[in-house]
Number of protein chains: 2
Amino acid sequence: MRIVVALGGNALLKRGEPMTTEAQRANVRIAAKALAPVAGQHQLVITHGNGPQVGLLALQDEAYDPDENAPLDVLGAETEGMIGYMIEQELGNLLPFEKPFATLLTMVEVDGADPAFKNPTKFVGPVYAKAEADRLAADKGWVVKPDGDKWRRVVASPEPKRIFEIRPVKWLLEHGTIVVCAGGGGIPTMYEKDDERKLIGVEAVIDKDLCSELLARDLDADLFVMLTDTDAVYLDWGKPTQRAIRSAPSAMLSKMPFAAGSMGPKVAAACHFAAATGHAAAIGALPDLSRIIAGEAGTTVTATGSEIVYGS
Amino acid sequence: MRIVVALGGNALLKRGEPMTTEAQRANVRIAAKALAPVAGQHQLVITHGNGPQVGLLALQDEAYDPDENAPLDVLGAETEGMIGYMIEQELGNLLPFEKPFATLLTMVEVDGADPAFKNPTKFVGPVYAKAEADRLAADKGWVVKPDGDKWRRVVASPEPKRIFEIRPVKWLLEHGTIVVCAGGGGIPTMYEKDDERKLIGVEAVIDKDLCSELLARDLDADLFVMLTDTDAVYLDWGKPTQRAIRSAPSAMLSKMPFAAGSMGPKVAAACHFAAATGHAAAIGALPDLSRIIAGEAGTTVTATGSEIVYGS
C-alpha cells in the first residue's frame, strides 16, 4: 500500500517540554520506532507539524534584532530542513542501510483571495503584553489578538490549493524511497497579483492536516493516517457518555459535531479524503500506528458503508 | 549533459551586505538568471554555501538563550531548507511551469578519525573579545582561535566520504528534475563509535566545493562547475605578471601553487574530479555560466592534454 502518515505535534515536542534539540530528537526517536515497521512493508510518506519550531525561530530572530524578522515562508522552509533531517536520520537508523530516503522541501500554493486573509486566526510566535503587541502591530503590520490574558500575532490559515513538488514525490515513491515532505503544512506561496507567473512567499500558515490530505489525494494514497494525542475519535468526548468511534463512513461522520480546535479539522480532512478517493483515512495515536493500518486501532473513515461502529 | 553547479558564497550574499531575507533573495534572483538557460538545456544539479547563514542562526540562538545552541548539523539542515527554498522559487519563476524541481536535504558521512577533528580550522559564528571567547570555550567545549584582533569559534572541516541521498538525486535527474542539494557541503554526520549502525550529527562543517565534487563524481556528471567571484583561475594572482588560465590538464594544474584560503581548494577539487572521472571541471564567475559550459569563459580543467592555455 501507499500510505501518507501525518505526525502530530506531540511526535516532535510534548506539551510543556523545553524545545531543545535533544528533547525533539528523543521524541522523533519514539516516532521512528512506530514508523519503522510500516516503512518495511509499504510505500511511506511522512508529513509533520512545525508550530512550536516556527515560534522559536521567530523568537530567536526577535531577540537578535527586533526589526528584522524572517518571514513565515522562510521560517517554514527552515523548519522543514530541521525537522525533516531528524526524522530522516532517526528513522534511517532503524531501517536497513539500503532503504532510500528523501526529505523534500515542499511549496504549496494558496489563493490570495482566500477568505482566511480577511480573518487571520492562527496564532504564531510568542505572547506579549497588550501595549507591546499594539506597538508590534503598528510597526510590522501584524494583526494581534488576545490569547488568554496575553496578546499574540495571528496570521491567515488559507486552504492549500496545489503542492508543487508532487511529481518528484511520486517518482521517489516508485523507487521505494521513504519521503518526508509537506512539513508544517508546506511553505505557503502564491502567484503575485500583477504577475501571474511570479510565485512569492506568503505570511501565512497552512493547516498540516489539510495539506497532508491534499498530498495523500494527489499521490492517490491507499490510506491516509493522521496521528494525534488520543487513540481514536470520540463521540461526546469528555462526557460520561463518551464512546470511541472504531469506524464510520465519511458521509455519516462528516455530519457529526467535533471541536473546531482539536478533532474537527482532522475528521473533516479524513472524511474529505475518503469521499474524494474511495480509499480509507484513519485517525489515532502514534504507538498504535501498525494496528491502525491493520484496522485494529484508531478510527477508520471509509468511503462507503452505512454503519458507525463504536468501541469502548 | 549532466552538470553540477556549485554556487559561490556571493551568489547568496555580497560581502558587507546586511543578511536580510530581501538581500539574499535579490542575490538568488541574479543567480537564477544565470542558471535558467542552463536548466533548459541540461540535467542540472545546484549546490550552494551556507557560512554566513549558519553564523546568523547561531547568533540568533545565542541572543535568545546563551546556553542553548542548536548544533551545527541542525543549523546546517535549517539553512538547506531556507536557501534551497529561495533558489527553487526564484529559478522556478524563470522556467516553464512544467519543469520539475526538488530541493533535497543531504546528509554526508565523515570519518570520526579524520585528522581535521584534531586541528579545527573553520571559523563559524560571531567574533568575541578574548575573555568572552575563553568563557564560551570553557562553558561549551568550543575551540576558539584568533580571527584578526577578535576571537572566534573554530570547528573541524573533515573530508566528505559519502552522500546518503545520492540515489534519489539520480532518480530525480532521470526524470528531468532540477535538483538543489548538498547545500553548505551537506549535513555532517558519522556513525557512532560504539554502534556502527547509528548515524549521528557532527559539530563540523564540510567544505562545499569538496562535497560538490564528491556529488558530481557520484552522479557521473559530464561537467562540474564551481562559481566564484573571479572570472577564472589566475597564475600570479594580484601580481603584475598575473595571467588567466583558460584551460589546463589536471595533472599540470594540480602541481601549480594557489592560495589555500581562496582558489587552492577549488583548483584541487576541479583537478580531482577531472582525473577521477575523465570529464571536465570548470571554475569561473556566475554571470559567465553559459559561456563557461560552452568552454568560452572561465578556467576549464581537463582530464587529458599536455598544454596550459592562458588568456589575457
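Preceding this section is the structure that the text describes.
Because the structure is a prediction, the values reported are computed rather than measured.

Draft legend 1. Geometry of the side chain of Gln24 of chain B. Residues and elements named next belong to chain B. As for its placement among the helices and strands, Gln24 is situated in helix H1 (residues 21–41). Of the polar contacts made by the side chain of Gln24, one reaches the side chain of Gln53; its length is 3.0 Å. Here Gln24 is in contact with Leu12, Leu13, Met19, Gln53, Met82 and Met86, once residues within four sequence places are set aside.

Draft legend 2. Local environment of the relation of the copies chain B and chain A. At an RMSD of 0.0 Å, chain B and chain A line up after a rotation of 180° and a shift of 0.0 Å along the axis. Here the symmetry operator amounts to a two-fold rotation axis.

Draft legend 3. Up close: the sheet that holds strand E10 (residues 187–192) of chain A. Residue and element names in this part refer to chain A. Strand order in the open sheet formed by 4 strands is E8-E4-E10-E11, with mixed pairing between adjacent strands. Sheet topology places strand E8 (162–163) and strand E11 (195–201) at the edges, where each strand pairs with a single neighbour. Where E10 and E11 come together, 4 bridges link them in antiparallel fashion. Paired with Thr189 across the two strands is Gly201, which belongs to E11.

Draft legend 4. Layout of the interface of chain B and chain A. Taken together, the contact between chain B and chain A spans 54 residues of the former and 54 residues of the latter. Among the residues chain B hides against chain A, the three largest losses belong to Tyr64, Tyr85 and Trp171 of chain B. Together they make up 14% of the total. Run the count over chain B and chain A and you get 2 salt bridges. In this structure, Asp73 of chain B engages Arg25 of chain A in a salt bridge whose closest nitrogen and oxygen atoms are separated by 3.4 Å. Taken together, the elements giving at least two residues each to the side of chain B that touches chain A come down to H1, helix H2 (51–64), helix H3 (72–92), strand E3 (101–103), helix H5 (166–174), strand E10 (187–192) and strand E11 (195–201) of chain B. In the side of chain B that touches chain A, the residues fall into 29 nonpolar, 12 polar and 13 charged.

Criteria and cut-off values
Residues numbered from 1 in each chain as written. Chains lettered and ligands numbered in written order. Predicted model: local features only at pLDDT ≥ 70, side-chain atom pairs only at ≥ 80, totals over all residues. Heavy atoms only, no water. Helix = DSSP H or I, 4+ residues; strand = E, 2+ residues; numbered from the N terminus. Polar contact = N/O pair within 3.5 Å; in protein donor to acceptor, adjacent residues only side chain to side chain. Contact = heavy atoms within 4.5 Å. Least-squares fit on C-alpha atoms with pLDDT ≥ 70 in both. Pairing = 2+ DSSP bridges. Buried area = accessible area lost by both parts, 1.4 Å probe. Salt bridge = Lys/Arg side-chain N within 4 Å of Asp/Glu carboxyl O. Nonpolar A, V, L, I, M, F, W, Y, C, P; charged D, E, K, R; others polar.

Shape is all these values report; function is a separate question.
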